[in-house]
Every structure is written in structure tokens, then in C-alpha cells.
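Read off the chains here:
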Amino acid sequence: MRVVGYGLAVLCMATMVTLAIILPETWRLQDRLGLVFLGLLLVGGLYLLTRPKVVVAESSVTVVNVIRTYVLEWAEIIDVRMPVGEPWPTVDLADGSTLAVMGIQSNDGALARSCLAQFRALLHERGEAQEPGDNGPS
């Protein structure tokens, strides 16, 4: 997704700059600058679409979606699920809310299923909070 998005961004910007340069002399400077500005808006939109990812660390999970970034402790995450037909998984949080994890796309097929299985395994391993008074294994 990122490679395609960045490639399209370069192509869009190159097209707009080329158009601004080769347009007839009847086009004024502000028209040309408008084309370049439109190219920058397209590049910004493509950047937002290529931004989603999931970063797993020892003590936390960072979910980067299109606009917002969430840093979650493992104990905050109760479950992760991706029903058939959904575009990406959602995590159920301890406060009763849910959060879309756009970094795993269902249209990636086997890769998405593998990433989801790894996420679930890590959640089972790291996400279960200790019982009060339990000091861990003896």
C-alpha cells in the first residue's frame, strides 16, 4: 500500500509541475501555482491513506490510523476481531470502546490473516493482566 501510495504521489506531483511548466503563455502565474498547490493537496491525501500501521512493542501497541495515533498498553486490549467482510480488525478496549486497526487490511488476504493471528497470540501472551496479589510465577 505504501509503495503504491508514494508512487502515485510522485506521479501526481510530477504531472502537476509538468503541466504548470508546459501550459500556454495565456495561463498566468497564479494558475500555474494553483496546479502545483492542487498537486500538493493530492500528495497530502495520499500520505494520509498510506499512514496506517500497527507497531507492537514489549509493553504497548501503537495503532496509527489515517489521522490519529493511539498508544495502548497490552492490558487495555481485551480482544481483537475481524468479522468476515470487514475491511480491518477492531480491538475491544477495557473502557468499553472499540478501535479500528487500519494497519491490517482484509484485502491483503493470507497476510492479513497471518498478522491477525500473530496479534492475537501476542495479546494472549502479553495482554492478560495479573490478578491482584499475584506476584507472578514462583
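Scroll up for the structure.
For the structure given in this document, a descriptive report is provided here. This is a predicted model, so every value here is computed, not measured.

So, the overall build of the chain
Assigned secondary structure in the chain consists of 3 helices and 6 strands. Helices (α) and strands (β) of the chain occur, in sequence order from the N terminus, as α-α-β-β-β-β-β-β-α. Its C-alpha atoms give the chain a radius of gyration of 22 Å, more than 25% over the compact-globule value 14 Å for 138 residues. Considering only C-alpha atoms, the chain reaches an extent of 80 × 30 × 25 Å along its principal axes. Looking at the 138 residues of the chain, the share that counts as buried comes to 27%. In the chain, the share of contacts with a sequence separation of at least 24, taken over all contacts with a separation of at least 6, comes to 38%. Counting only carbon and sulfur atoms, one obtains 63% of the accessible surface of the chain, whose full area is about 9,300 Å². Averaging the coordinates of the 10 positive side-chain charges in the chain and doing the same for the 14 negative ones gives two points 13 Å apart.

Digging into the sheet that holds strand β6 (residues 98–100)
Read across the sheet, 3 strands follow the order β4-β5-β6 without closing on themselves; strand pairing throughout is antiparallel. With one partner strand each, in any of the chains shown, β4 (77–81) and β6 form the two edges of the open sheet. Each strand of the sheet is rotated relative to its neighbour by a mean of 25°, with strand direction disregarded. With 4 bridges connecting them, β4 and strand β5 (residues 90–93) associate as antiparallel partners. Residue pairing for β5: Ile77 is matched across the bridge by Leu93. Its contacts with the sheet place helix α3 (residues 110–126) against β4 and β5, and it is angled at close to 160° to β4.

Some words on the pairing of strand β3 (residues 69–73)
Remark: a regular strand shows side chains that alternate across the two faces of the sheet. Where strand β2 (residues 60–64) meets β3, 5 bridges bridge the pair, whose relative direction is antiparallel. Each bridged residue has a counterpart across the sheet, and for Val63 the counterpart in β3 is Tyr70. Between β2 and β3, which follow one another and run antiparallel, lie 4 residues.

A closer look at the packing of helix α1 (residues 2–22) against helix α2 (residues 29–50)
Closest axis-to-axis distance for the α1/α2 pair is 8 Å, and the angle between their directions is 180°. In terms of orientation, α1 and α2 fall into the roughly antiparallel class. Facing α1, whose interface residues are Arg2, Gly5, Tyr6, Leu8, Ala9, Cys12, Met13, Met16, Val17, Leu19, Ala20 and Ile21, α2 presents Arg32, Leu35, Val36, Leu38, Gly39, Leu40, Leu42, Val43, Leu46 and Thr50. Grouping the constituent residues of the contact of α1 with α2 by class yields 17 nonpolar, 3 polar and 2 charged.

About the criteria used
- Each chain has its residues counted from 1, running along the sequence as written.
- At least 70 in pLDDT is required for a residue's local features to be given in this predicted model, at least 80 for side-chain atom pairs to be given and counted, and no such filter applies to totals for whole chains, interfaces and linings, which use all residues.
- Hydrogen atoms and water are omitted, and side-chain values are computed over all heavy atoms in the structure.
- Each helix is a run of H or I in the DSSP string that is no shorter than four residues. Each strand is a run of E no shorter than two, and both are numbered from the N terminus.
- Radius of gyration: C-alpha atoms only; globule rule: 2.2 Å multiplied by the number of residues to the exponent 0.38.
- Throughout, exposure labels follow a simple rule: accessible area from a 1.4 Å probe, protein chains only, divided by the maximum for the residue type, with under 20% read as buried, over 50% as exposed, and the rest as partly exposed.
- The contact rule is simple, with two residues in contact once any of their heavy atoms fall within 4.5 Å.
- Per-residue accessibility takes into account occlusion by the displayed protein chains alone, with areas from the Shrake-Rupley method and a 1.4 Å probe.
- When charges are counted, neither His nor the chain ends are considered; positive counts come from Lys and Arg and negative counts from Asp and Glu.
- Every charge is mapped onto a representative atom, which is NZ of Lys, CZ of Arg, CG of Asp or CD of Glu.
- Here, a strand pair is defined by DSSP locating no fewer than two bridges between the strands.
- Between N-to-C directions, angles cover 0 to 180 degrees, with each direction set by a line fitted to C-alpha atoms, over the stretch in contact for helices.
- We call two directions roughly parallel when the angle between them is under 35 degrees, roughly antiparallel when it is over 145, roughly perpendicular when it lies between 65 and 115, and oblique otherwise.
- The nonpolar class holds Ala, Val, Leu, Ile, Met, Phe, Trp, Tyr, Cys and Pro. Asp, Glu, Lys and Arg form the charged class, and all remaining residues, Gly among them, are polar.

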